[in-house]
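Each chain, written out:
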Amino acid sequence: TKNHLMSRFIYLEYMYDYADAGLSSSSSHGGYSVISSASKGTKELVCIVMDSAYENGVNYSMIDAQEMFNYGFDDFSTVTLAKQGELLYEVKLKNQKGKSTLLLNAEKTIKGIVLDTDMEEHGSKLNEIIQKEVLVEEPVKAPIKKGDVVGKMVYKYQGNIMGEVNLIAETD
């Protein structure tokens, strides 16, 4: 599906080079709206603009979408929060002969997005801007098998949940 962000035939002023899909609409109740996706490098974004204006021959839903895409592409970076198999937490283990703790790993790789200004200010010290919350009932009671889900790690950025990953047992 195409909208004016992708059309090379009419309304060239709304053309957005990175748009790859979208749909626009207008109604007396909903104003001018557009939903579109765009890809640039490794980033893929979705944009939804609703109830925008059309004034003096200008469809502001298209302009708003372009500005939102530019903001997403230009002002944010993707960061890896945890890699699959990475050790994230050590928990007390109960009822396991000869073993008092259990190592917990990330079940899968998880990524998030942060503002570039935060990346520039804090560099590689993501723990200064991303909070981690471990959700595990301690102590964990044996028997536990390698790969069992024991809890989860929740990642927060600017007070909002940006992702979570299951914590799995590293060993039996």
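For the structure itself, consult the block above.
Throughout, a residue's number is its position along its own chain's written sequence, starting from 1. Per-residue local features of the predicted model are confined to residues with pLDDT of at least 70, and side-chain atom pairs are confined, for both listing and counting, to 80 or more; whole-chain, interface and lining totals are unaffected and use all residues. Here the side-chain values reflect all heavy atoms present in the structure, with hydrogen atoms and water set aside.

A.B. asks: I'd like to hear about the overall build of the protein, residue by residue, with values.
C.D. replies: Across its full length, the protein holds two helices and 13 strands. A radius of gyration in this sense is built from C-alpha atoms; the matching globule rule multiplies 2.2 Å by the number of residues raised to 0.38. Compactness check: the protein gives a C-alpha radius of gyration of 23 Å against a globular reference of 16 Å for 172 residues, more than 25% above the reference. Along the longest, intermediate and shortest principal axes, the C-alpha atoms of the protein span 75 × 35 × 25 Å. Each residue gets one of three labels from its accessible area relative to the maximum for its type: buried under 20%, exposed over 50%, partly exposed in between, using a 1.4 Å probe on protein chains only. Residues counted as buried form 35% of the 172 residues belonging to the protein. For the protein, the accessible area works out to roughly 10,900 Å², and carbon and sulfur atoms hold 49% of it. Only DSSP runs of H or I with at least four residues qualify as helices, and only runs of E with at least two residues qualify as strands; both kinds are numbered from the N terminus onward. Where accessible areas are quoted, they stem from the Shrake-Rupley method and a 1.4 Å probe; at the residue level, only the protein chains shown are allowed to cover.

A.B. asks: How would you explain the pattern of salt bridges if you had to name every residue and give the values?
C.D. replies: Each reported salt bridge corresponds to a side-chain nitrogen of Lys or Arg within 4 Å of a carboxyl oxygen of Asp or Glu. Per the stated rule, a full pass over the model turns up three salt bridges. A salt bridge links E133 to K156; the shortest N-O distance between them is 3.3 Å. With E133 in strand 10 (residues 130-136) and K156 in strand 12 (residues 149-157), this residue pair connects regions lying 23 residues apart in the sequence. For E133, a relative accessible area of 33% corresponds to the partly exposed category. For K156, a relative accessible area of 27% gives the class partly exposed.

A.B. asks: Could you give me a rundown of helix 1 (residues 60-75), with the residues and numbers involved?
C.D. replies: One turn of the α-helix equals 3.6 residues, which is why residues spaced by three or four share an orientation. Its 16 residues place the ends of helix 1 22 Å apart at the C-alpha level, agreeing with the 22 Å of an ideal helix rising 1.5 Å per residue. Turning to helix 1, its buried residues number three or more, namely S61, M62, A65, Q66, F69, G72 and F73. The arc enclosing the buried residues of helix 1, seen along the axis, measures out at 140 degrees, which places them on a common side. Contacts are residue-level and defined by heavy atoms, with any inter-residue pair within 4.5 Å sufficient. Buried positions along helix 1 lie against strand 1 (19-27), strand 2 (31-40), strand 3 (43-52), strand 5 (58-59) and strand 6 (76-82). Expected helix span is computed as 1.5 Å times (number of residues minus one). Relevant arc is that of directions from the helix axis to the C-beta atoms, nothing else.

A.B. asks: Quick one: what's the story with a nonpolar patch on the surface, residue by residue and with numbers?
C.D. replies: Think of a patch as exposed residues, more than 30% relative accessible area, with no salt bridge, where like charges cluster within 9 Å and nonpolar side chains (Val, Leu, Ile, Met, Phe, Trp, Tyr) cluster within 5 Å. Nonpolar side chains collect at one region of the surface, where L23, I35, V46, I48 and M50 lie side by side and expose about 530 Å² of accessible area between them. For V46, the position within the fold is in strand 3. Given the relative accessible area of 63%, V46 is considered exposed.

A.B. asks: How would you summarise the layout of surface pockets if you had to cite specific residues and measurements?
C.D. replies: Two kinds of site are reported from a 1 Å grid over the protein atoms alone, namely cavities, where a 1.4 Å probe fits but cannot get out, and pockets, open sets with protein on both sides within 12 Å along at least five of seven lines, and residues are called lining when an atom falls within 4 Å of a point. Grid points are joined across faces, edges and corners, and a volume is the space filled by probe spheres set on the points. Put simply, the largest pocket is a space of about 240 Å³. Together, 13 residues line the largest pocket, and E44, L45, V46, G72 and I113 are the ones closest to its centre. When contributions to the lining of the largest pocket are tallied by element, the ones reaching two or more residues are strand 3, helix 1 and strand 6. No other element matches the five residues that strand 3 contributes to the lining of the largest pocket. Looking at side-chain class alone, the lining of the largest pocket contains eight nonpolar, three polar and two charged residues. Asp, Glu, Lys and Arg are counted as charged, while Ala, Val, Leu, Ile, Met, Phe, Trp, Tyr, Cys and Pro are counted as nonpolar; the rest, among them Gly, fall into the polar class.

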